[in-house]
Amino acid sequence: GSDNGKMRFEYACREYIADRDNTLAPDSVLEYNNKIKKMSQRLLNMYIDDISNKDIQKEVNRFAATHAPSTTKNYYGFIRSVLGVYREDLRLKVTLTMEADKPPYIPHTEDINTLLKHIEGTQLELCVRLGTLGLRRAEMCALIPSDLEGNYLTISKNKVRNKNGKWIIKPTPKTAKSYRTIYVSDRIVELANTVGFYQFTPDFLYRQLIAAEKACGVPHFSIHKLRHYFASTALDSLPE
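Here, residues in each chain are numbered from 1, in the same order as that chain's written sequence. Predicted model: local features are reported for residues with pLDDT of at least 70 only, side-chain atom pairs are reported and counted for 80 or more only, and whole-chain, interface and lining totals are derived from all residues. The basis for every side-chain value is the complete set of non-hydrogen atoms in the structure, without hydrogens or water.

1. Side note on the overall build of the protein chain
Every helix listed is a DSSP run of H or I at least four residues long, and every strand listed is a run of E at least two residues long, numbered separately from the N terminus. Within the protein chain, the regular secondary structure consists of 11 helices and seven strands. Seen through its C-alpha atoms, the protein chain measures out along the principal axes to roughly 65 × 35 × 25 Å. Throughout, exposure labels follow a simple rule: accessible area from a 1.4 Å probe, protein chains only, divided by the maximum for the residue type, with under 20% read as buried, over 50% as exposed, and the rest as partly exposed. The 240 residues of the protein chain split such that 43% are buried. Contact criterion: two residues are considered in contact whenever any of their non-hydrogen atoms come within 4.5 Å of each other. Partitioning the intrachain contacts of the protein chain with sequence separation of at least 6 by distance along the chain shows that 67% fall at a separation of at least 24. Only the protein chains shown count as cover for residues, and the accessible areas themselves come from Shrake-Rupley with a 1.4 Å probe. When the accessible surface of the protein chain is totalled, it reaches about 13,500 Å², and 51% of it is carbon and sulfur. By the counting scheme adopted, Arg and Lys are positive, Glu and Asp are negative, and His together with the chain ends is not counted. Working definition for charges: the position is that of NZ of Lys, CZ of Arg, CG of Asp or CD of Glu. Computing the positive centroid from 35 side-chain charges and the negative centroid from 28, the protein chain places the two 5 Å apart.

Okay, structure coming up:
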C-alpha cells in the first residue's frame, strides 16, 4: 500500500484504475488488471519514487521474452501511463523490440467455403456467415430472435466481460456507429430459425472456430479477420 508518503507501484496501478473506473469500459478494467498480474513482483513492490528508466527497461525486456511485440507495446503503454500520473518527473526512454508481428492471415473465399461446408447446419456456420457481414464476436453472441425481422437483422448489443470477469449482455453496441440494421441472406434467416443464434461466450466461439479450422484443414483465421474479408471482398461468391 501507501505509507509514509511512499507508494508502491502495485498500489499506484490499482489507484490509476480506480480513478478511471467510471469512464473505462469493463473489459478495459479487466485488461488492466490482467496486466498487473503479469508484472514482476520486483516492480510491483518498488516504491514509485525509486523507479528508474533502467528498472522499466528490465521489466519490458523480461515481458518481451515471452510475448509478441504488439502485446509488449501495450504492456509498456500501461506502465508508462501509470508513471505519467505518479512520477511526472520520470522521462522514460525505453527500447521496444522492433521485430514485426507475423501479419494475420486474411481468409480467401475458398477457405471460407471449405469451412462452411464442414460446419454446415450449426450455430458456428451462422456465426461465420455473420462474420462475413462484418459482425464482431461480441455482437453475434448477443443476438436474440427479436433482432431478426424478415431478412433484416438489427445489431444493438454486445456480450462482454464486466470488471469482475463475468460475461454480461451490454445493451449498447461497441460504438454509436456500430448500431445498425443489415440485410442478411435467406440462409442466415434459415439458420437463425432452426439452430438459433449463438448463446455461448465470444471466447468459446473462438475455441470452436479454431477446432473446426483444424478439422477441415484451412489456415487459422479469427472472426475478426472475417471483418477484414468483408471490407475487401465481394460476397456474391459465397454459397447461398
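2. A look at the sheet that holds strand E7 (residues 180-183)
Two strands qualify as a pair provided DSSP detects at least 2 bridges between them. Across the sheet, three strands lie side by side as E3-E4-E7; this open sheet has antiparallel pairing. This sheet does not close on itself; its edge strands, each paired only once, are strand E3 (148-149) and E7. Sheet topology places strand E4 (residues 152-155) next to E7; four bridges connect them, and they run antiparallel. Paired with Tyr152 across the strands is Tyr183, a residue of E7.

3. What to know about helix H7 (residues 123-131)
Of all nine residues that make up H7, nine are buried, and the element is covered over most of its length. Three or more residues of H7 are buried, namely Gln123, Leu124, Glu125, Leu126, Cys127, Val128, Arg129, Leu130 and Gly131.

4. Looking at the packing of aromatic side chains
Centres within 6.5 Å are what make two rings of Phe, Tyr or Trp a pair, Trp counting through its six-membered ring; a difference in plane orientation under 30 degrees is then read as stacked, over 60 as edge-to-face, and the rest as tilted. For the structure shown, the criterion picks out seven aromatic pairs. Here the aromatic rings of Tyr16 and Phe78 are separated by 5.9 Å at their centres, their planes lie at 80 degrees, and the arrangement is edge-to-face. Of the two residues, Tyr16 sits in helix H1 (residues 9-19) while Phe78 sits in helix H5 (residues 69-86), which places them 62 residues apart along the sequence. Of the residues examined, Tyr16 reaches a relative accessible area of 10% and is grouped as buried. We classify Phe78 as buried; its relative accessible area is 3%.

5. As for the pattern of salt bridges
What counts as a salt bridge is simple: a side-chain nitrogen of Lys or Arg found within 4 Å of a carboxyl oxygen of Asp or Glu. In this structure the tally under the stated criterion is 13 salt bridges. Between Glu59 and Arg62 there is a salt bridge whose closest N-O contact spans 2.7 Å. Placement of the pair is Glu59 and Arg62 together in helix H4 (residues 53-64), with a separation of three residues, close to one helical turn. On the accessibility criterion, Glu59 (4% relative accessible area) is buried. Note on Arg62: relative accessible area 37%, which makes it partly exposed. Residues Arg137 and Asp203 are paired through a salt bridge, measuring 3.9 Å at the closest nitrogen-oxygen approach. With Arg137 in helix H8 (residues 137-140) and Asp203 in helix H10 (residues 202-216), the pair connects residues that are 66 residues apart, well separated along the chain. Residue class for Arg137 comes out partly exposed when judged on its relative accessible area of 29%. Judged by relative accessible area, Asp203 falls into the partly exposed class, the value being 26%. Overlapping salt bridges bring together Glu125, Arg129, Arg187 and Glu190 as one network.

6. A few points about the pairing of strand E6 (residues 167-170)
Across four bridges, the pairing between strand E5 (residues 158-161) and E6 is antiparallel. In the sheet register, Val160 faces E6, and the bridge partner there is Ile168. Between the antiparallel neighbours E5 and E6 lie five residues, among them Gly165 with a positive phi of about 90 degrees.

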